[in-house]
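Examination of the molecular architecture
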Amino acid sequence: MKPSVLLRHVNGVSTALKCTHPPCKGRLFRPVASKLFSTTQHQRATESIAASPIDFDSFQSTQLSRDILRKVRVVPASPSYFTGKPDFTDNLLSLQALLRKYQTLPVVQPGHAPRIAWKTHAQYKVSVSEPVKAAKYGKIVQLLHRLNHIHPSLVPEEVLEALQLYKRDVNPYDNVAVLQTVDPYGRARGVGRRKTSTATVWLVEGEGEVLINGKSLSQAFGRIHDRESAIWALKATKRIGRYNVWALVRGGGITGQAEALTLAVAKALMVHEPALKPALRRAGCVTRDPRIVERKKPGKLKARKMPAWVKR
Amino acid sequence: MPPSTCLRCLPIRPAPSPRPVLLCHIALPPAQTAAFSTTTNLSAAVAKKRPNSHTGPPKRGVKALNIKKTQRIKSGRPPAPGERKALRKRIVLSNTNALEVQGMPDLSDKNITDASLVCRVVGIPGLVVDSLRAVEAFKPTQGWGLFRRPAALVRKETLQLGRYIQEVETAEGKKTIRRVVVGERGSGKSTLLLQAMTMAFVKGWVVVNIPDAKDLTIGHTEYGPLFNTNPTQYVQKTYTANLLSQISKANKAVLSKLQLSQQHDLPIPIQSNISLDRLADLGARDPDVAYPIFQALWAELTAPSTKGAVRPPILFTLDGINQIMRYSAYLSSDVKPIHAHDLALVRHFINALSGAQALPNGGIVLAATCESGKPPSPTLELAVAQSEARVAGAEEVPQPHPYKAMDQRVLDSMRDVEVLRLKGLDKDEARGIMEYYAASGMLRERVDEGLVAEKWTLAGGGVVGELERESVRMRI
């Protein structure tokens, strides 16, 4: 077995695993005697196992270099190799060093830093492929949190780069809902869904008239329960006589359409009166009901129904 | 682990004959331990195994599934013929549990044009109730049985009808007003007809009402051709006899004062100065002579008034006009469907509605559409749209579809009839009727602006039938 080949191979795997991470700067290449490295090689198969690859080509095949090679011993690049969780330890130490370096920079008020979703514990464990405990990762998050509070106008590039490594791929806090407004004609638009129905509502101030797909409320829904569902948001906030509803509903059945209208009316009402949101939430008009029909499974008559038992 | 028999031997209370526990285990066979117990079911006889008990899967060729159909137990006698229908058509006009509304005015000949009564519920006088019942103006689906006594909301259209009646009475040369009442289901069309009849009875008019035109056209009453008519007309003599009896009963007070004034060619001999209610009764008694007598009665009613014999105006109403604006369910002798306008009674009404037959003493011809289970009548819909466009003075009157057959007879009959469209109540009217519900004790909520607005919206914009349904009928 050629040690050089093995070393390069191992290094290739680790770079593929950790492509988002730059190589750790603290690691040094220390040529020492060659005896120990083969035994540790088989036990661990990540980047942190030992050291940077040895470039054998740089050695001339002279007698002198052969003598040197005989004395070479591979030692771990990072001193935290023997901690058992070298990547985690390196990360923690580097963040601590960073904080020590910039701890005098002014910070923003607590809670005023840009909202960033850090990697979850599970995501971090996958990225370092080490068994890191939640509490230990909590220490990293604490440091990240502190670094994130450095005043945005003064954040060093180095800190930004370091923080980048711990961010989730997609920051959910970047996704800010577009603020709806009442248009110049006084209409507020709201969209609601339930089961397979979709409702779009335009709400204007008026006397409590309702038109759904061009039909009155009583023509659109035969059941009084459905009629109440459709304008439940207005009823719960005592606004029935103050707004006119003009709605289009598509898809689904009668109940689905009525309850899609509930949500759509509530959203349009929140455009007119944003302060009603808590009241509407208490009335159950803000959250979309996520339940949909359960899929049919093979071997079953419906989603769960089993065929009738037949004796042999 | 001790054996179970021994555990069973352990007495819960002292046994009648104390015996060492160990001895029981050694000396007695397990079967006798039952006597030791105080419970009865252990000593009871073991149930005999039934051959098809569930000891295992059934044998081959044996039916495993044994579901017996439950036998319907017949108790009592079956309902007599017509009993169920009578129950279905039963009209209840009073609810003794409902409160009597204090200060509710009655409709009278003085106040039918009183604009201050709009948005108020007005009672129907007791004598008129009997007449209305006789002409079947009350419908079983209406909510009369929910309240103490029959009463109806005076809405703007009701006031309009009152003005029509006044107009007819005061007009020079005896005016005839012809209207078709249209509106969505539950919008109060039949009730408006009832209010018109109430006013007519109060005013001393003669009221002729065809309560449901469906009865004439769906083939549920006998029919026969009328001789010497071209195209052939068909007479429904039993229905006519029934109609005559209704006319006689409902208008007795008016007709008993009127006497025969003309010569009629009738199949039965009649007294020359017979009163008109007795004439109608004669026709009601014998279906064979019903139609000629109906014609004679109509001729008498429409005879020009003289000083000696003043003829009152007539209110001629029909509910469910969309049933007669199409082919009927009857077949002619050459097995062709008969157009509803070829039925003699229907034609009689259509002539009055279209103005082909005048009412020389004045009167109102009113028809209402019926939206429940309505048969398709596209021509009537077109005629209504045309009439509305004409009245509104629209530049373009809707034209018939070029590639669809339209019923020309229907278009002709509706040519210059005006349409009275009933929409939902407005908020004030809704409040008026809801206060009546509350005063009757049938709506147990405070009637305020919020409640009225809510019910008004839920009723699809104040559709009165829906308003009643959700305020009174659906009360939890």
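Just so it is clear, the structure is predicted and the values come from calculations on it, not from any experiment.

Thoughts on the overall build of chain A
- When you go through chain A residue by residue, the secondary structure sums to 12 helices and 5 strands.
- Burial statistics for chain A: of 312 residues in total, 36% are counted as buried.
- In chain A, the share of contacts with a sequence separation of at least 24, taken over all contacts with a separation of at least 6, comes to 74%.
- Only carbon and sulfur atoms are counted for the fraction: they give 58% of the accessible area of chain A, which is about 19,600 Å².

Remarks on a nonpolar patch on the surface
All names here are of chain B.
- Taken together, the side chains of Tyr-223, Leu-331 and Val-335 present a nonpolar region at the surface, about 270 Å² in accessible area.
- Mapped onto the elements of the fold, Leu-331 is located in strand β8 (residues 327-331).
- Overall, the relative accessible area of 39% leaves Leu-331 in the partly exposed class.

Here we look at the sheet that holds strand β3 (residues 176-183) of chain B
Residues and elements named next belong to chain B.
- The sheet built from 5 strands is open, its strands ordered β4-β7-β10-β3-β11 with parallel pairing. Only two strands of the sheet have a single neighbouring strand rather than two, namely β4 (206-210) and β11 (418-422). Strand-to-strand twist of the sheet, defined as the mean angle between neighbouring strand axes without regard to direction, takes the value 20°.
- Relative to strand β7 (residues 314-319), β4 runs parallel, the two sharing 5 bridges. Its bridge partner lying in β7, Ile-210 is registered against Leu-318.
- Running at roughly 95° to β11, helix α13 (residues 378-392) makes contact with β3 and β11 of the sheet.

Describing the interface of chain A and chain B
- With 19 residues of chain A in contact, the opposing surface of chain B contributes 16 residues.
- Of the roughly 1,300 Å² buried where chain A meets chain B, counting both sides, 60% is carbon and sulfur surface.
- Counting the contacts that link chain A with chain B gives 2 salt bridges.
- We note a salt bridge from Glu454(B) to Lys235(A), for which the minimum N-O separation is 3.0 Å.
- Linking chain A to chain B there are 6 residue pairs in polar contact (both at pLDDT 80 or more).
- At the level of elements, α8 (217-220) and α9 (224-230) of chain A are the ones that each hand at least two residues to the side of chain A that touches chain B.
- Here the side of chain A that touches chain B is built from residues that sort into 5 nonpolar, 6 polar and 8 charged.

A closer look at the packing of helix α15 (residues 427-439) of chain B against helix α17 (residues 464-473) of chain B
Residue and element names in this part refer to chain B.
- Look at α15 against α17: their axes get within 11 Å of each other, and the N-to-C directions meet at 35°. Relative to α17, the crossing made by α15 is right-handed. In this structure, α15 uses Ala-430, Ile-433, Met-434 and Tyr-437 to contact α17, whose residues at the interface are Val-464, Leu-467, Glu-468, Ser-471 and Val-472.
- Split into classes, the residues belonging to the contact of α15 with α17 amount to 7 nonpolar, 1 polar and 1 charged.

Re the sheet that holds strand β1 (residues 188-194) of chain A
Residues and elements named next belong to chain A.
- Spatially, 5 strands are ordered β1-β2-β5-β3-β4 in an open sheet, and the strand pairing comes out mixed. Strands with a single pairing partner mark the edges of an open sheet, and in this sheet they are β1 and β4 (215-216).
- As paired strands, strand β2 (residues 197-205) and strand β5 (residues 243-250) are joined by 8 bridges and run antiparallel to one another. Across the sheet, the residue bridging to Trp-202 is Trp-246, located in β5.
- Along the sheet face, helix α11 (residues 254-272) touches β1, β2, β3 (210-212) and β5 and points at about 150° away from the line of β1.

Notes on the confidence of the model for chain A
All names here are of chain A.
- Scored by pLDDT, chain A has a mean of 84; 80% of the residues are at 70 or more.
- When the elements of chain A are averaged for pLDDT, helix α1 (residues 3-17) gives the smallest value, 38, and β5 the largest, 98.
- Of the regions scoring below 50 in pLDDT, residues 1-46 engages in 61 contacts with residues more than four places distant in sequence or in other chains.

Digging into the side chain of Thr317(B)
All names here are of chain B.
- Here Thr-317 is to be found in strand β7.
- Given a relative accessible area of 0%, Thr-317 falls into the buried group.
- In this structure, Thr-317 is in contact with Met-197, Val-208, Asn-209, Ile-210, Phe-349 and Leu-366, ignoring residues within four places of it in sequence.

Some points on the nonpolar core
Residues and elements named next belong to chain B.
- Grouped together as the largest cluster of nonpolar side chains are 62 residues, with contacts concentrated most on Phe-316, Ile-321 and Ile-324.
- Setting aside residues up to four positions removed in sequence, Ile-324 forms contacts with Ala-213, Thr-217, Leu-318, Ala-340, His-341, Val-346, Phe-349 and Ile-350.
- Core analysis: the second largest hydrophobic core is formed by 41 residues, Ile-124, Val-135, Leu-159 and Val-181 among them.

Remarks on the environment of Leu107(B)
Residue and element names in this part refer to chain B.
- Within the secondary structure, Leu-107 sits in the loop between α3 (83-88) and β1 (121-123).
- Note on Leu-107: relative accessible area 12%, which makes it buried.
- With residues up to four places along the chain from it excluded, the contact list for Leu-107 reads Ile-112, Val-122, Gly-123, Pro-125, Thr-198, Met-199 and Val-202.

Thoughts on the pairing of β4(B)
- Among the 5 residues of β4(B), 5 are classified as buried, and the element is accordingly described as predominantly covered.
- A two-sided burial pattern is seen for β4(B), the buried positions comprising Val206(B), Val208(B) and Ile210(B) on one face and Val207(B) and Asn209(B) on the other.

A word on the pairing of β2(A)
Residues and elements named next belong to chain A.
- Sheet analysis places β1 next to β2, joined by 7 bridges and oriented antiparallel. Within the sheet, the bridge partner assigned to Arg-193 lies in β2 and is Thr-198.
- Taking the residues that link successive antiparallel strands as the turn, the β1-β2 hairpin has 2 residues, and the phi of Lys-195 there is positive, at about 50°.

Description of the packing of aromatic side chains
All names here are of chain B.
- Summed over the entire model, instances satisfying the criterion amount to 13 aromatic pairs over all chains.
- The interplanar angle of 10° and the centroid separation of 5.6 Å between the aromatic rings of Phe-147 and Tyr-437 together place this pair among those described as stacked. With Phe-147 in the loop between α4 (126-134) and β2 (151-153) and Tyr-437 in helix α15, the pair connects residues that are 290 residues apart, well separated along the chain.
- By relative accessible area, which is 6% here, Phe-147 ends up buried.
- Each ring, one from Tyr-223 and one from Tyr-234, has its centre 5.8 Å from the other, and the planes form 50°; the classification is tilted. Taken together, the positions of Tyr-223 in the loop between α7 (214-217) and β5 (224-226) and Tyr-234 in strand β6 (residues 233-235) put the pair 11 residues apart, joining distant regions of the chain.
- Residue classification places Tyr-234 among the buried residues on the basis of a relative accessible area of 10%.

Side note on the pattern of salt bridges
All names here are of chain B.
- The final tally for this structure, using the stated rule, is 37 salt bridges over all chains.
- We note a salt bridge from Asp-342 to Arg-347, for which the minimum N-O separation is 3.3 Å.
- Classification of Asp-342 as buried rests on a relative accessible area of 10%.
- Here Arg-473 makes a salt bridge to Glu-468, at a shortest N to O gap of 3.1 Å.
- On the accessibility criterion, Arg-473 (41% relative accessible area) is partly exposed.
- You can call Glu-468 buried: its relative accessible area is 16%.

Some thoughts on a positive patch on the surface
- Positive charge collects at one region of the surface, where Lys85(B), Arg88(B), Lys89(B) and Lys214(B) lie side by side.
- A relative accessible area of 49% means that Lys85(B) is categorised as partly exposed.

Side note on helix α10 (residues 276-285) of chain B
- Among the residues of α10(B), those classed as buried are Leu276(B), Asp277(B), Leu279(B), Ala280(B), Leu282(B) and Gly283(B).
- On the buried face of α10(B), the contacting elements are α8 (237-250), α9 (252-255) and α11 (287-301) of chain B.

Some thoughts on the confidence of the model for chain B
All names here are of chain B.
- Confidence along chain B averages 88 in pLDDT terms, with 86% of residues attaining 70 or more.
- By mean pLDDT, the top-scoring element of chain B is β4 (97), and the lowest-scoring one is helix α2 (residues 21-27) (46).
- Under a pLDDT of 50 for its full length, residues 18-33 has, in the predicted model, 9 contacts with residues more than four places off or in other chains.

Thresholds applied
Residues numbered from 1 in each chain as written. Chains lettered and ligands numbered in written order. Predicted model: local features only at pLDDT ≥ 70, side-chain atom pairs only at ≥ 80, totals over all residues. Heavy atoms only, no water. Helix = DSSP H or I, 4+ residues; strand = E, 2+ residues; numbered from the N terminus. Buried < 20%, exposed > 50% of the residue type's maximum accessible area, 1.4 Å probe, protein only. Contact = heavy atoms within 4.5 Å. Areas by Shrake-Rupley, 256 points an atom, 1.4 Å probe, with all protein chains shown as cover. Patch = residues over 30% accessible without salt bridge, like charges linked within 9 Å, V, L, I, M, F, W, Y side chains within 5 Å. Salt bridge = Lys/Arg side-chain N within 4 Å of Asp/Glu carboxyl O. Pairing = 2+ DSSP bridges. Axes fitted to C-alpha atoms, helices over the stretch in contact; angles between N-to-C directions. Buried area = accessible area lost by both parts, 1.4 Å probe. Polar contact = N/O pair within 3.5 Å; in protein donor to acceptor, adjacent residues only side chain to side chain. Nonpolar A, V, L, I, M, F, W, Y, C, P; charged D, E, K, R; others polar. Left-handed = near helix turned anticlockwise from the far one by under 90°. pLDDT = per-residue confidence, 0-100. Core = buried A, V, L, I, M, F, W, Y, C linked by side-chain atoms within 4.5 Å. Phe/Tyr/Trp six-rings, centres within 6.5 Å; stacked < 30°, edge-to-face > 60°. Lys, Arg positive; Asp, Glu negative; His and termini not counted. Charge placed at Lys NZ, Arg CZ, Asp CG, Glu CD.

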